[in-house]
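Listed below, chain by chain, are the residues.
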Amino acid sequence: MQSPLVITGMGMISPLGCGVKAGWERLLAGRSGLSAITRFDTGDLPIKVAGSVPGIEDDPEAGLDPDRILDAKERRKLELFSLYAMAAAEEALTQANWFPQSDEDRLATATIVGSGIGGFPTITQAQNTLSTRGHRRLSPFTVPAFLANLAAGNVSIRYGLRGPIGCPVTACAAGVQAIGDGMRIIRSGEAEVALVGGAEACIDPLSLASFHAMKALSTEQDEPSKASRPFDQGRNGFVMGEGAGLLVIETLAHAEARGATPLAILSGYGTSADAHHITAGPEDGGGAAAAIRAALRMAGMTPADIDHINAHATSTPVGDRAEIAALRNAFGDALGGIPISATKASTGHLLGAAGGVESIFSVLSAMQDRLPPTLNLENRDEDLHDLDIVSGEAREHATQHVLCNGFGFGGVNAALIVSKM
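The paragraphs below set out a description of the structure included in this document. Computed from a predicted structure; not experimentally measured. (Residues numbered from 1 in each chain as written. Predicted model: local features only at pLDDT ≥ 70, side-chain atom pairs only at ≥ 80, totals over all residues. Heavy atoms only, no water.)

### Brief notes about the overall build of the protein
Next, step 1: A tally of regular secondary structure across the protein gives 15 helices and 15 strands.
Next, step 2: Along the first, second and third principal axes, the C-alpha set of the protein runs to 60 × 55 × 45 Å.
Next, step 3: A burial count over the protein gives 60% of its 421 residues as buried.
Next, step 4: For the protein, the share of sequence-separated contacts (at least 6 apart) that also reach a separation of at least 24 residues comes to 79%.
Next, step 5: Surface exposure of the protein reaches about 16,300 Å², of which carbon and sulfur atoms provide 51%.
Next, step 6: Each charge sign in the protein was given a centre, from 32 positive and 47 negative side chains, and these centres are 6 Å apart. (Helix = DSSP H or I, 4+ residues; strand = E, 2+ residues; numbered from the N terminus. Buried < 20%, exposed > 50% of the residue type's maximum accessible area, 1.4 Å probe, protein only. Contact = heavy atoms within 4.5 Å. Areas by Shrake-Rupley, 256 points an atom, 1.4 Å probe, with all protein chains shown as cover. Lys, Arg positive; Asp, Glu negative; His and termini not counted. Charge placed at Lys NZ, Arg CZ, Asp CG, Glu CD.)

### Overview of the packing of aromatic side chains
Two measures describe an aromatic ring pair: the distance that separates the ring centres and the angle between the ring planes.
Next, step 1: Evaluation of the coordinates by the stated rule reveals four aromatic pairs.
Next, step 2: The interplanar angle of 45° and the centroid separation of 5.9 Å between the aromatic rings of phenylalanine 99 and tyrosine 159 together place this pair among those described as tilted. Pair noted here: phenylalanine 99 is in the loop between helix 4 (80-96) and helix 5 (103-107) and tyrosine 159 is in helix 8 (residues 150-159), with a separation of 60 residues, a long-range link.
Next, step 3: Accessibility expressed as a relative area gives 14% for tyrosine 159, which makes it buried.
Next, step 4: On the numbers, 6.5 Å between centres and 40° between planes, the contact of phenylalanine 211 with phenylalanine 409 is tilted. Of this pair, phenylalanine 211 sits in helix 10 (residues 205-213) while phenylalanine 409 sits in the loop between strand 14 (401-408) and strand 15 (412-420), and the two are 198 residues apart along the sequence.
Next, step 5: An aromatic cluster is defined as three or more aromatic residues linked by ring pairs; in this entry it consists of Phe211, Phe238 and Phe409. (Phe/Tyr/Trp six-rings, centres within 6.5 Å; stacked < 30°, edge-to-face > 60°.)

### Section: the pairing of strand 8 (residues 243-251)
Next, step 1: Of all nine residues in strand 8, nine are buried, a share of seventy percent or more.
Next, step 2: Side-chain alternation along strand 8 places Gly243, Gly245, Leu247, Ile249 and Thr251 on one buried face and Ala244, Leu246, Val248 and Glu250 on a second face that is also buried.
Next, step 3: Sheet topology note: the strand 1 (residues 5-14)/strand 8 ladder contains eight bridges and is antiparallel. Across the sheet, glycine 9 pairs through a bridge with valine 248, a residue of strand 8.
Next, step 4: Across eight bridges, the pairing between strand 7 (residues 193-200) and strand 8 is antiparallel. The partner of glutamate 200 across the bridge, within strand 8, is glycine 243. (Pairing = 2+ DSSP bridges.)

### Observations regarding unusual backbone geometry
Peptide bonds are mostly trans, and most non-glycine residues show a negative phi.
Next, step 1: Backbone geometry at alanine 275 places phi at a positive 50°, although glycine is not the residue there.
Next, step 2: Secondary-structure assignment places alanine 275 in the loop between strand 9 (264-273) and helix 12 (286-299).
Next, step 3: Positive phi values are uncommon outside glycine, yet aspartate 369 reaches one of about 55°.
Next, step 4: Mapped onto the fold, aspartate 369 is located in the loop between helix 15 (354-368) and strand 12 (370-371).
Next, step 5: Judged by its relative accessible area of 25%, aspartate 369 falls in the partly exposed class.

### Topic: the packing of helix 12 against helix 13 (residues 317-331)
Next, step 1: Here helix 12 crosses helix 13 at 50°, and the two axes come no closer than 8 Å. Relative to helix 13, the element helix 12 lies oblique. For the crossing formed where helix 12 meets helix 13, the hand is right-handed. Residue-level contacts link Gly286, Ala288, Ala289, Ile292 and Arg293 of helix 12 to Ala326, Leu327, Asn329, Ala330 and Phe331 of helix 13.
Next, step 2: In terms of residue class, the contact of helix 12 with helix 13 is built from seven nonpolar, two polar and one charged. (Axes fitted to C-alpha atoms, helices over the stretch in contact; angles between N-to-C directions. Parallel < 35°, antiparallel > 145°, perpendicular 65-115°, else oblique. Left-handed = near helix turned anticlockwise from the far one by under 90°. Nonpolar A, V, L, I, M, F, W, Y, C, P; charged D, E, K, R; others polar.)

### Side note on helix 13
Next, step 1: Over its 15 residues, helix 13 runs 21 Å from end to end, which matches the ideal 21 Å to within 8%, given 1.5 Å per residue.
Next, step 2: For helix 13, the full list of buried residues reads Asp320, Glu323, Ile324, Ala325, Ala326, Leu327, Ala330 and Phe331.
Next, step 3: In this structure, the buried side of helix 13 is in contact with helix 12, strand 10 (308-310), strand 11 (340-341) and strand 14.
Next, step 4: Of the residues trailing helix 13, glycine 332 is marked for its positive phi of about 60°. (Expected span 1.5 Å × (residues − 1).)

### Points about helix 12
Next, step 1: Spanning 14 residues, helix 12 covers 20 Å between terminal C-alpha atoms, matching the ideal 20 Å at 1.5 Å per step.
Next, step 2: Those residues of helix 12 lying buried are Gly287, Ala288, Ala289, Ala291, Ile292, Ala294, Ala295 and Leu296.
Next, step 3: Packed against the buried residues of helix 12 are strand 9, helix 13, strand 14 and strand 15.
Next, step 4: Downstream of helix 12 by a residue or two, glycine 300 has a phi angle that is positive, lying close to 70°.

### Brief notes about the side chain of serine 267
Next, step 1: Looking at the element boundaries, serine 267 is found in strand 9.
Next, step 2: Its relative accessible area of 17% is what places serine 267 among the buried residues.
Next, step 3: Among all residues touching serine 267, those that are not within four sequence positions of it are Met298, Ala299, Met301, Ile417 and Ser419.

### Side note on the nonpolar core
Next, step 1: Ile7, Met10, Met183, Leu247, Ile249, Leu266 and Leu416 are the most contacted members of the largest nonpolar core, which totals 41 residues.
Next, step 2: The leading source of residues in this core is helix 15, at seven residues.
Next, step 3: The contacts of isoleucine 7, once residues within four sequence positions are left out, are Leu247, Val248, Ile249, Thr261, Pro262, Leu263, Ala264, Leu266 and Val363.
Next, step 4: Grouped together as the second largest cluster of nonpolar side chains are 32 residues, Tyr159, Ala199, Ala201 and Ala244 included. (Core = buried A, V, L, I, M, F, W, Y, C linked by side-chain atoms within 4.5 Å.)

Below, the structure is given as structure tokens:
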């Protein structure tokens, strides 16, 4: 019988703050990580709100202190998404107490960090430099900064992790798929430990303008905390967020042999393709439902075994409706009895990092029997009144198994089930 796969470390950087403890406590307290964009002048851009990672100067309690991660000289060589990944990796590896020193242990450690876009701001800045100042003024670090796999690369180099390395670039499913890839790598015997999750940092004028051209982003300006409204009739698009969420995973036998403390079990994973449309799933949610069913099969569970769902729920009308269709498709009548949370109401949409961060939220729900609230749910869609969406405030709820969803452009679907130890 195979030893269960377990999580032994977690690290998180999010708009709610840096560190798992601060982010989780603020999520449960109903705080919002959304605010007016100050990183650059938004000018006539209609997008004024984002889920930016707070700096230490604005949030002394849980803001990011870049100097603690890397010195200024080294930071100039990499993009923010890599910096976020390195900060999250430090927290996760410290909790897991996994800093391999022997060649054997280093070769047995995989690094799989997904990203939907990678270093997009570096690309836009480099193009501006090329246009206004010429090719001679381009930095030699331009390419290494923007490549999507460089979050995994920088983390691997920093800690000497020499096992399999990878980067799913699967839009908003990348973080969940990275976890699934790590599970497979361990099961195949290619590694004994894997650092997995996602990182993203593309709050940038061109990315915002491009998503706005698709009519995908919220244009809320007056009340940033209310801009993300999953499942609410007043929603008008998602809010761009940024951050990183990383997990250390290994078999229970490996964790126990080295004296590590397992936090939760990775019970099931599934992935599928819609093969339908570049940005919208089929009306019956069949593609996403297939991923959920695959996760249930791996876990040896039925829909009735799931105690909580952390929905992908981006706050776009098309996306939210498609996910509910998928959940009804996969769960049938059992769905009405399962509490659902949409945490992007608090963080915005972290694209490729969403799955990593929301998997951590799912683990904590299972560990603590506490379900985070869905903010801004004031007037839910008419076809959702039979569902139990956690809103208003956090809820105490006996929780053994949690489903976490991640869906992305191109029709990519991923589903993860985490369970209490």
